[in-house]
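# Summary of the model geometry
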Amino acid sequence: MSGWLETSTGKLIDAGVLKIGDGYRAKNDELVASGFPFARAGNINNGFQFSGADCLPSHYAEIVGEKASRSGDTVFTSKGTVGRFGFVTEKTEKFIYSPQLCFWRSLKQDEIFPLFVYYWMHGNEFLGQVEGLKGQTDMADYVNLADQRRMSITLPSFFEQKAIAILLGSLDDKLDLLHRQNKTLEAMAETLFRQWFVEDVQEGWNERPLSGIANFLNGLACQKYPPTNDLEKLPVLKIRELSSGISETADWATNQVKPRYIVEAGDVIFAWSASLMVKVWDGEKCVLNQHLFKVTSDEFPKWFYLRWCKHHLAEFIAVAASHATTMGHIKRGDLDAAMVLVPPPSVLETMSKQMQPLLDKQIAIARQRKTLEKLRDTLLPKLMNGEVRVAY
C-alpha cells in the first residue's frame, strides 16, 4: 500500500509507541465479590459483560499497575477461547486483566490511533498470524505474549488510521443502537403478552395445544439434497446458523426442494434439539435443516404463535435437559402438552393492532442490522489492506 508503514509490533514497542501486556495472576483467596471485575475470556465478546464476575479489591488497581484497564486499550483473548475482542472506552467499567487476556495499548495516541488497533485485529493481517500461532502446543489454543510482540503490522498514516477507525466505529455505533432498539421492542411485546395472558387473563378463553394453533414443519436431512450446480443452490440453515448467522462455512443444498422448506427473512424458526431457541430469522434465503421447525399458521397472526412458543421455551428446555442422554430434544407430544389461551376473535384483533407493529418494526430493524453488518464486514478488509482509501 503506497505510503503505508510495514513494520512489526516489536519495533513499535522498542520505539515506545505500543505496549502489549497480559493479565494479573490472581490467587483464589484474592478474589472477592465486589471491587474491580477480574476480566476473563467469558467477559469479553465484542464488548464487556461483568455481571457475576469475580472481583479484586479496589486497592488492587495500584498493585496490578498497568494490568488494570485504561481507556483506549484493545483487549484480545489469547488463551483457550482465542480471538475475542473488546475496546475500552471512557464509559467502560474499570477492570483488571486476567492471564487469559492481553491488552494492546497505544502509548503515543498521535501516532497510533487506539481504535484503529481494535479494527486492525479484525483484519486479515492479524487474524492470519493468529491462525498460524494459536495451535503451536498440544494444549488449548494459545497465542503467547512473545509471539504477539513480534507480529507484522502495516500502518497507514495517523490520519488515515483515524478515518478508518471513525468510519467503522460509526457503523458499529449504529448497529449497537439498532440492537438496543430491538431489545426495547422485545421487552414491550413481552410486557403486553404477560399482562394479557398471565397477569390479567380473562375467564372463558379457549385453551388449545400449541401444536393446534400453528404448523411445526421439521426440516430436511439436507445432506440428501446436495446442490447439482452453482446456480441452483442455497445455504443450509442449521442450529449453528440460527444462532450466529450464515457464514462461509455453511453447508449448501439445492434450491429445488419443496417451497415450504425454503426459509425467508421474517419466518419463525424453532430449534427443538440441542440448543433450543425460538427466533425470527433475519438472514438470507436458505433451506431448513432437520432439528429445526419452521412455524407458520393459517389461522393466527405471527406475533401470537411466536410469543406462545417463547412463553413455553423454558419448559421445553427443561424437558430436553431431563432426558438428554445424548442430545437433548423435545417431541411432538411436548408441543401437544403446551397449552395456549385463545381469546375471542375481536379481542385478538385488538391485540394484533398493538403487537403486529412491534413485530414488524423488530423485523425491519433486524434486516437493517444485517445490511449494515454486511457493509461493515465488506469494508473492513478492504480498508485494512488499502483497497479502499478514506481521508480524515
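Look a little higher up for the structure.
Keep in mind it's a predicted model, so treat the numbers as computed, not measured. (Residues numbered from 1 in each chain as written. Predicted model: local features only at pLDDT ≥ 70, side-chain atom pairs only at ≥ 80, totals over all residues. Heavy atoms only, no water.)

### Some points on the packing of helix α6 (residues 158–199) against helix α12 (residues 345–384)
- Taken N-terminus to C-terminus, the directions of α6 and α12 make an angle of 160°; their axes are 9 Å apart at the nearest point. As summarised for this structure, α6 and α12 are arranged roughly antiparallel, according to the angle between their axes. α6 and α12 meet at a crossing whose hand is left-handed.
- Partitioning the contact of α6 with α12 into residue classes produces 24 nonpolar, six polar and seven charged. (Axes fitted to C-alpha atoms, helices over the stretch in contact; angles between N-to-C directions. Helix = DSSP H or I, 4+ residues; strand = E, 2+ residues; numbered from the N terminus. Parallel < 35°, antiparallel > 145°, perpendicular 65-115°, else oblique. Left-handed = near helix turned anticlockwise from the far one by under 90°. Nonpolar A, V, L, I, M, F, W, Y, C, P; charged D, E, K, R; others polar.)

### Thoughts on the pattern of salt bridges
- Tallied over the entire structure, the rule returns 24 salt bridges.
- Where Lys233 meets Asp230, a salt bridge forms, and the shortest distance between an N and an O atom there is 3.7 Å.
- Using a relative accessible area of 24% as the deciding quantity, one classes Lys233 as partly exposed.
- Judged by relative accessible area, Asp230 falls into the exposed class, the value being 66%.
- The partner of Asp282 in a salt bridge is Lys370, and the shortest N-O contact between them spans 3.9 Å. Of the two residues, Asp282 is situated in the loop between β16 (277–280) and β17 (286–288) and Lys370 in helix α12; the sequence distance between them amounts to 88 residues.
- The class of Asp282 is partly exposed, set by a relative accessible area of 25%.
- The exposure class of Lys370 is partly exposed, given its relative accessible area of 28%. (Salt bridge = Lys/Arg side-chain N within 4 Å of Asp/Glu carboxyl O. Buried < 20%, exposed > 50% of the residue type's maximum accessible area, 1.4 Å probe, protein only.)

### Quick notes on α12
- Its 40 residues place the ends of α12 56 Å apart at the C-alpha level, agreeing with the 58 Å of an ideal helix rising 1.5 Å per residue.
- The largest bend along α12 measures about 40° and falls at Ser352.
- Downstream of α12 by a residue or two, Gly386 has a phi angle that is positive, lying close to 85°. (Expected span 1.5 Å × (residues − 1). Bend = angle between axes of the 7 residues up to and from the residue.)

### Digging into the packing of α6 against helix α9 (residues 302–311)
- α9 packs onto α6 with a crossing angle of 85° between their chain directions and a minimal axis gap of 11 Å. Taken as axis vectors, α6 and α9 run roughly perpendicular relative to one another. Seen from α6, the contacting residues are Glu186, Ala189, Glu190, Phe193, Trp196, Phe197 and Val198; seen from α9, they are Trp303, Phe304, Arg307, Trp308, Lys310 and His311. (Contact = heavy atoms within 4.5 Å.)

### Some points on unusual backbone geometry
- Here Ala274, not a glycine, exhibits a phi torsion of approximately 65°, which is positive.
- The residue Ala274 is located in the loop between β15 (268–271) and β16 in this model.
- Of note, His291 is a non-glycine position whose phi angle comes to about 80°, a positive value.
- As for its placement among the helices and strands, His291 is situated in the loop between β17 and β18 (292–296).

### Description of the packing of aromatic side chains
- Within the structure shown, the criterion is met by 30 aromatic pairs.
- A centroid spacing of 5.4 Å and a plane angle of 70° characterise the contact between Phe197 and Trp308, whose relative ring orientation is edge-to-face. A residue pair is termed long-range when its members are at least 10 positions apart, and Phe197 in helix α6 and Trp308 in helix α9 qualify at 111 residues.
- Take Phe197: its relative accessible area is 5%, and that puts it in the buried class.
- Measuring from ring centre to ring centre gives 6.3 Å for Phe216 and Phe270, while their planes differ by 70°; the resulting arrangement is edge-to-face. Of the two residues, Phe216 is situated in strand β11 (residues 215–218) and Phe270 in strand β15; the sequence distance between them amounts to 54 residues. For the pair Phe216 and Phe270, a shared accessibility class is recorded, and that class is buried.
- In this structure, Lys79 packs its charged tip against the face of Tyr142, placed 4.8 Å from the ring centre.
- Note that Lys233 overlies the ring of Trp252, its terminal NZ or CZ placed 4.3 Å from the centroid. (Phe/Tyr/Trp six-rings, centres within 6.5 Å; stacked < 30°, edge-to-face > 60°. Lys NZ or Arg CZ within 6 Å of the ring centre and 35° of its normal.)

### As for the layout of surface pockets
- In this structure, the second largest pocket occupies an estimated 220 Å³ of space.
- Every residue along the wall of the second largest pocket is listed here: Asn45, Asn46, Val82, Gly83, Arg84, Phe85, Leu127, Val130, Glu131 and Lys134.
- Ranked by the residues each element gives to the lining of the second largest pocket, the list is headed by helix α4 (residues 124–133), at three residues.
- Taken together, the residues that form the lining of the second largest pocket break down as four nonpolar, three polar and three charged. (1 Å grid on protein atoms, 1.4 Å probe; cavity = no way out; pocket = protein on both sides within 12 Å on 5 of 7 lines; lining within 4 Å. Points joined across faces, edges and corners; volume = space filled by probe spheres on them.)

### A word on the sheet that holds strand β8 (residues 101–106)
- Spatial ordering of the open sheet is given by β2-β8-β5-β6, a layout of four strands whose pairing is antiparallel. With partners counted over all chains shown, the strands left at the sheet margins are β2 (18–22) and β6 (85–87), one partner each. With strand direction ignored, the average angle separating the axes of adjacent strands in the sheet is 20°.
- Examined bridge by bridge, strand β5 (residues 74–77) and β6 share three bridges and lie antiparallel to one another. Bridge assignment links Phe76 to a residue of β6, and that residue is Phe85. (Pairing = 2+ DSSP bridges.)

### Things to note about a nonpolar patch on the surface
- Nonpolar side chains collect at one region of the surface, where Phe159, Ile166 and Tyr392 lie side by side and expose about 350 Å² of accessible area between them.
- With respect to the helices, strands and loops of the structure, Tyr392 is situated in the segment after α12. (Patch = residues over 30% accessible without salt bridge, like charges linked within 9 Å, V, L, I, M, F, W, Y side chains within 5 Å. Areas by Shrake-Rupley, 256 points an atom, 1.4 Å probe, with all protein chains shown as cover.)

Read these as geometric descriptors, not functional statements.
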